[in-house]
Amino acid sequence: MHSVTITRTIDASRTDIREAMLELERFTLAAGFDEVDVDGRTIRVANAVGVAEIELELAVVDDPDAAFAYEQREGIFEEMRTAFTLTSVPDGTEVEATTEFALDIPLVGGVLDATLIKRQRRTELEAQLDYIEEAI
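Residues numbered from 1 in each chain as written. Predicted model: local features only at pLDDT ≥ 70, side-chain atom pairs only at ≥ 80, totals over all residues. Heavy atoms only, no water.

Per an unreviewed UniProt entry, the protein chain is named SRPBCC family protein, and its organism is Halobaculum roseum.

Written out as C-alpha cells, the structure is:
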C-alpha cells in the first residue's frame with residue numbers, strides 16, 4: 001500500500017472548512033480533474049496522468065475519524081481511499097489529507113507507477129487545500 005499525506009494550517013474553523021469540502025463538485029474540481037460528475041454521494045472523475053487517462057468512481061464514506069472521506073468503487077486501483085482530518089490549533093485548523101492506494105498492476109502495467117501517482121495526487125490535494133483557503 002502506498003500513501004501520500006499533506007498537512008496545512010488554515011486560518012478558519014473546522015466547521016467552515018468542512019462546509020467547503022462538502023461542496024462536492026467545486027471541491028473535487030479544485031483538484032484539477034479534467035472531468036467531474038457528482039451524483040449524491042457518488043463522484044466520478046477523469047484525468048490525464050502522464051500518457052494515461054484515469055477514470056474513477058468514488059463513494060463518499062462515513063468515517064468517525066475524518067471530516068470527509070471517500071473510497072474508489074471502480075477504477076485502476078486495487079483499492080484507494082482519501083481522508084481529510086481536521087484538528088483545532090492556535091492559528092486555526094490543521095488539515096491533514098491522506099490518500100492510500102494499492103495499484104492494480106495488471107491494469108496499470110508499465111504506464112503508471114506509484115511515484116507518478118504520488119506526485120499527481122500531492123498536486124491534487126494541495127490544489128484542494130488552496131481552494132478551501134480561497135473559499136473561506
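**Student:** Help me understand the pattern of salt bridges in this model?
**Tutor:** When their charged atoms lie close together, side chains carrying opposite charge are able to pair. Counted by the stated rule, this structure contains 10 salt bridges. R41 is paired through a salt bridge with D62; the nearest N and O atoms lie 3.2 Å apart. Of the two residues, R41 is situated in the loop between β2 (35–39) and β3 (42–49) and D62 in the loop between β4 (52–60) and β5 (68–74); the sequence distance between them amounts to 21 residues. The class for R41 is partly exposed, based on a relative accessible area of 43%. Looking at D62, the relative accessible area reads 70%, which means it is exposed. R73 is paired through a salt bridge with E57; the nearest N and O atoms lie 3.3 Å apart. Separated by 16 residues along the polypeptide, R73 in strand β5 and E57 in strand β4 bring together distant segments of the chain. E57 gets classed as buried once you look at its relative accessible area, which sits at 15%. Each of R8, E126, D130 and E133 takes part in one network of salt bridges that share partners. (Salt bridge = Lys/Arg side-chain N within 4 Å of Asp/Glu carboxyl O. Helix = DSSP H or I, 4+ residues; strand = E, 2+ residues; numbered from the N terminus. Buried < 20%, exposed > 50% of the residue type's maximum accessible area, 1.4 Å probe, protein only.)

**Student:** Just to check I follow, could you spell out helix α1 (residues 14–21) for this structure?
**Tutor:** Each full turn of the α-helix corresponds to 3.6 residues, which orients residues three or four apart in the same direction. Residues of α1 that are buried include every one of I17, A20 and M21, and no others. Take α1 and look down its axis: the buried residues cluster within an arc of 100 degrees, on one side only. Those residues of α1 that are buried lie in contact with β1 (2–10), α2 (24–29), β5, β6 (77–89), β7 (92–103) and α4 (114–135). (Arc of directions from axis to C-beta. Contact = heavy atoms within 4.5 Å.)

**Student:** Explain the nonpolar core to me, please; I cannot follow it from the model alone.
**Tutor:** The nonpolar side chains of soluble globular proteins are, as a tendency, buried together. Residues M21, F84 and I132 are the most contacted members of the largest nonpolar core, which totals 36 residues. Of all the elements, α4 adds the most residues to this core, at six residues. (Core = buried A, V, L, I, M, F, W, Y, C linked by side-chain atoms within 4.5 Å.)

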